[in-house]
Amino acid sequence: MNNALRYLVAMVAICLITGCVTPWVLTEPGYLDKPSRYGLKLERPRQWYQKQLRRTTVFTRNGLPLEYILLERHKWRDTLTNGFTLPPDILLHEIPGIILGEYCARGYAFNLNVASNEIVVIDSIPCSLTRYTLTAPNSLTKKGMMYCIPFRRFLTILTYEAEASHYFDRSVDEFTDVARSIVIRRKKYRALPGIQGRVE
């Protein structure tokens, strides 16, 4: 199976597993609908296409193979590919490594390289921010940014990933605006041990 076909099969599998329940819709200015499912609210990127899956909201402007913003929720008890769950005593800055490791284990990413991993503060709450590069199953080199925000019952992940030579720089400022618009529901936040946070 060639890389392009493998990528298509992976994307179809994601849609089938999570259950595509809405069509693609062009976004309007404003906050995301039903934000409580993620423990936060944020502003949608303007004039991107949005699709709502079961526990995932996807945005793209030029198609998923070229760039996307992904807002997803994972339960702490969700099983990893090694058969275990996220450790209850995990450090905040260790979470991205496990999530990115899952991408590799499931064949969604190759040649992963983590450029930076730090604790930042969003809405006065510590969260992890990871910058990375990888090779996608369609052989494109991609750059990505991932925020991991822990809540008591689940982990919310906000990711921006795009083709590295052109599309990443074209939309990274819009992703940064989305991240800066986050308002966290403090009552649901789960404090984890980790590095002292700082404002990004």
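First, a word on what this report is: a plain description of the structure on this page.

The rules behind the values
- Residues numbered from 1 in each chain as written.
- Predicted model: local features only at pLDDT ≥ 70, side-chain atom pairs only at ≥ 80, totals over all residues.
- Heavy atoms only, no water.
- Helix = DSSP H or I, 4+ residues; strand = E, 2+ residues; numbered from the N terminus.
- Contact = heavy atoms within 4.5 Å.
- Areas by Shrake-Rupley, 256 points an atom, 1.4 Å probe, with all protein chains shown as cover.
- Expected span 1.5 Å × (residues − 1).
- Bend = angle between axes of the 7 residues up to and from the residue.
- Buried < 20%, exposed > 50% of the residue type's maximum accessible area, 1.4 Å probe, protein only.
- Salt bridge = Lys/Arg side-chain N within 4 Å of Asp/Glu carboxyl O.
- Core = buried A, V, L, I, M, F, W, Y, C linked by side-chain atoms within 4.5 Å.
- Arc of directions from axis to C-beta.
- Phe/Tyr/Trp six-rings, centres within 6.5 Å; stacked < 30°, edge-to-face > 60°.
- Pairing = 2+ DSSP bridges.
- Patch = residues over 30% accessible without salt bridge, like charges linked within 9 Å, V, L, I, M, F, W, Y side chains within 5 Å.
- Axes fitted to C-alpha atoms, helices over the stretch in contact; angles between N-to-C directions.

Secondary structure assignment for the protein yields 3 helices and 10 strands. Ordered by position in the sequence, the α and β elements of the protein form the string α-β-β-β-β-β-α-β-β-β-β-α-β. A sequence separation of at least 24 residues applies to 57% of the contacts in the protein between residues at least 6 apart. Summed over its atoms, the accessible surface of the protein is roughly 10200 Å², and 55% of this surface lies on carbon and sulfur atoms.

Before going further, it helps to spend a moment on helix H3 (residues 167-180). Given a rise of 1.5 Å per residue, 14 residues ought to cover 20 Å, and the 20 Å separating the end C-alpha atoms of H3 matches this to within 8%. Along its length, H3 shows its largest kink, about 35 degrees, at Asp173. By the burial criterion, the buried members of H3 are Tyr167, Phe168, Ser171, Val172, Phe175, Thr176, Val178 and Ala179. Next to the buried residues of H3 lie strand S5 (67-75), strand S6 (110-122), strand S8 (141-150) and strand S9 (154-163).

Before going further, it helps to spend a moment on the pattern of salt bridges. Considering all chains together, one arrives at 6 salt bridges under this definition. As a salt-bridge pair, Asp123 and Arg186 come within 3.0 Å of each other at their nearest N and O atoms. Of this pair, Asp123 sits in the loop between S6 and strand S7 (125-135) while Arg186 sits in the segment after strand S10 (183-184), and the two are 63 residues apart along the sequence. Judged by relative accessible area, which is 43%, Arg186 ranks as partly exposed.

Take the nonpolar core next. With 48 residues, the main nonpolar core has Ile95, Tyr147, Leu158 and Ile184 as its most contacted residues. Within the residue set of this core, elements represented by two or more residues are S5, helix H2 (95-105), S6, S7, S8, S9 and H3. Tyr147 has contacts with Val120, Ile122, Ser128, Leu129, Thr156, Ile157, Leu158, Phe175 and Ala179, leaving out every residue within four places of it along the chain. In this structure, Leu53, Val58, Leu64 and Leu70 belong to the second largest nonpolar core, which totals 5 residues.

This part covers H2. For H2, the full list of buried residues reads Ile95, Pro96, Ile99, Leu100, Glu102 and Tyr103. End-on, the buried residues of H2 take up no more than an arc of 145 degrees, which puts them together on one face. Phi turns positive, to about 80 degrees, at Gly107, one or two residues after H2.

Scanning the model with the defined rule gives 5 aromatic pairs in all. Both rings, one in Phe151 and one in Tyr189, keep their centres 6.4 Å apart while their planes meet at 85 degrees; by these two values the pair is edge-to-face. Placement of Phe151 in the loop between S8 and S9 and of Tyr189 in the segment after S10 is noted, with a sequence separation of 38 residues between them. Relative accessible area serves as the criterion here: at 0%, Phe151 is assigned to the buried category. With a centroid separation of 5.4 Å and an interplanar angle of 20 degrees, the aromatic rings of Tyr160 and Phe175 are classed as stacked.

Where a strand is regular, its side chains alternate between the two sheet faces. As paired elements, S6 and S7 share 10 bridges and run antiparallel to each other. Residue pairing across strands places Ile119 opposite Ser128, the latter belonging to S7. Taken together, S6 and the strand that follows it, S7, pair antiparallel across an intervening segment of 2 residues, in which Asp123 is found at a positive phi of about 50 degrees.

What follows concerns a nonpolar patch on the surface. Together, Trp24, Leu26 and Tyr49 make up a nonpolar patch on the protein surface, roughly 270 Å² of accessible area in all. Here Tyr49 shows up in strand S3 (residues 49-52).

Another point: the sheet that holds strand S1 (residues 25-26). For sheets, the rule is that strands pair by backbone hydrogen bonds, running either parallel or antiparallel. Judged by pairing direction, the sheet is antiparallel, and its 8 strands sit side by side in the order S1-S3-S4-S5-S9-S8-S7-S6 without closing on themselves. Each edge of the open sheet is held by one strand with a lone partner, namely S1 and S6. Relative to strand S4 (residues 56-60), S3 is paired through 4 bridges, and the arrangement is antiparallel. Among the inter-strand pairings, Tyr49 is bridged to a residue of S4, identified as Thr60. Of the strands in this sheet, S5, S6, S7, S8 and S9 are in contact with H2, which crosses S8 at around 135 degrees. Contacts from H3 reach S5, S6, S8 and S9, with the element oriented near 155 degrees to S9.

Function cannot be read off these values alone, since they describe shape.
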